[in-house]
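Examination of the molecular architecture
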Amino acid sequence: MEDIGKDTEGIRITWLGTAALKLENKEGTVLIDPFVEMDGAENQNDKEDFLSGDAILITHGHLDHLSLVPVLEGIRRMPVYCTATPEQTLYRHGIEASLVHRISPGDRFMVCGFTVRVDTGVHIHFDRKLVRKKLLSARVFRYRRNLKRILRLHLQYPEHRETVLYELSWQDIRIQVMGSLGLSENEDYQEGADLLCLPYQGSSTLEAHARKVLQRLKPKAVLLTHFDDAYPPVSDTVEMEGLKEMMQREFREIRFIIPDAGKQILLPRKMGSTDCV
């Protein structure tokens, strides 16, 4: 386990591939955007990796953020917090209404000891250059079975411009979790979170998107998510050198963490050094 401070008590964070996170404190375990990666993926995982959760938060309704929830609910009943579109998607998949809690930007609620604030998020735009690159890749043929499944699930799991950003607070720790790499121009976000979980996939200009987010949110540390090849051929393993150089050049005060899938990280009650690593 990596400890990014001096104290031994705090929030234990595990990145489980894609945008999936497990946040644990001494009061409970919250799952965010659980997803089992597809055939040929970089970080093969399993539904059993998510069965220790006490509640599920969903940032938006796309398949790589929501489609595992009906499977998990068939094994272990957990409350699910999501906006209106994923709520309706879950109902279509047979989830009991008593398990689904609709949330909206501006809401605040408690779950597993965390105080959760919901802010408006913005889903990243898949630009033409990126789409062209995907369509012309030889991986389209290699992973054609995945592609058929992705196309089918994409229709079943819409987003409808309902991406949110969660801020989870426990004791003196604040964590922001983005569902996608975009922020609303009209939202009054809180600055200076102890940790920002930053999804890094979905555009040919990722560094520029990340720069805007970091300039606006000014976190003390960044944990990268969604940067792995989780559902080929649509996803890719994202090249990191440009981002690393930008962090060293422009954001040296922000600690920068590229996690290993399944490896637990301790975010202590009092942060230690925030130098980039």
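Refer to the preceding data block for the structure.
Let us look at the structure shown here. Numbering of residues starts from 1 in every chain and runs along the sequence as written. Under the rules for a predicted model, residues below a pLDDT of 70 receive no local features and side-chain atom pairs below 80 are neither given nor counted, while totals for whole chains, interfaces and linings still include all residues. Think of the side-chain values as coming from all heavy atoms in the structure, minus any hydrogens and water.

**Some details on the pairing of strand β2 (residues 10-15)**
Buried residues are those whose accessible area, probed at 1.4 Å on protein chains only, stays under 20% of the maximum for their type, while exposed residues exceed 50% and partly exposed ones sit between those limits. In DSSP terms, a helix is any run of H or I states spanning at least four residues, a strand is any run of E spanning at least two, and both are numbered starting from the N terminus. Along β2, five of the six residues are buried, which leaves the element largely enclosed by surrounding structure. DSSP bridges decide pairing: two strands pair if at least two such bridges lie between them. Pairing of β2 with strand β15 (residues 264-268), which is carried by five bridges, proceeds in the antiparallel orientation. Considered in β15, the bridge of I13 is made with I265. The pairing of β2 with strand β3 (residues 21-25) spans four bridges and is antiparallel. Paired with T14 across the strands is K22, a residue of β3. Connecting β2 to the next strand, β3, in antiparallel fashion are five residues, including G17 with a positive phi near 90°.

**Quick look at the pairing of β3**
In terms of residue burial, β3 counts as a mostly covered element, since four of its five residues are buried. When β3 meets strand β4 (residues 28-32), the two strands line up antiparallel, connected through five bridges. For K22, the partnering residue across the bridge sits in β4 and is L31. Between β3 and β4, which pair antiparallel and follow one another directly, the connecting turn spans two residues.

**A look at the nonpolar core**
Side-chain atoms within 4.5 Å are what join buried Ala, Val, Leu, Ile, Met, Phe, Trp, Tyr and Cys residues into a set we call a nonpolar core. Counting 56 residues, the largest nonpolar core has L168, I175 and Y200 as the members making the most contacts within it. When sequence neighbours within four positions are dropped, the list of residues in contact with I175 reads I11, I13, L23, Y166, E167, L168, L195, C197 and L267. Counting 25 residues, the second largest nonpolar core, distinct from the first, contains L31, L63, L99 and V100. In this description, contact between two residues means that some pair of their heavy atoms is separated by no more than 4.5 Å.

**Observations concerning helix α8 (residues 241-250)**
Those residues of α8 not exposed but buried are G242, L243, M246 and M247. The buried residues of α8 occupy an angular sector of 135° when projected down its axis, which confines them to one face. In this structure, the buried residues of α8 make contact with α7 (206-217), β13 (221-225) and β14 (255-257). Here the arc refers to the set of directions running from the helix axis out to each C-beta atom.

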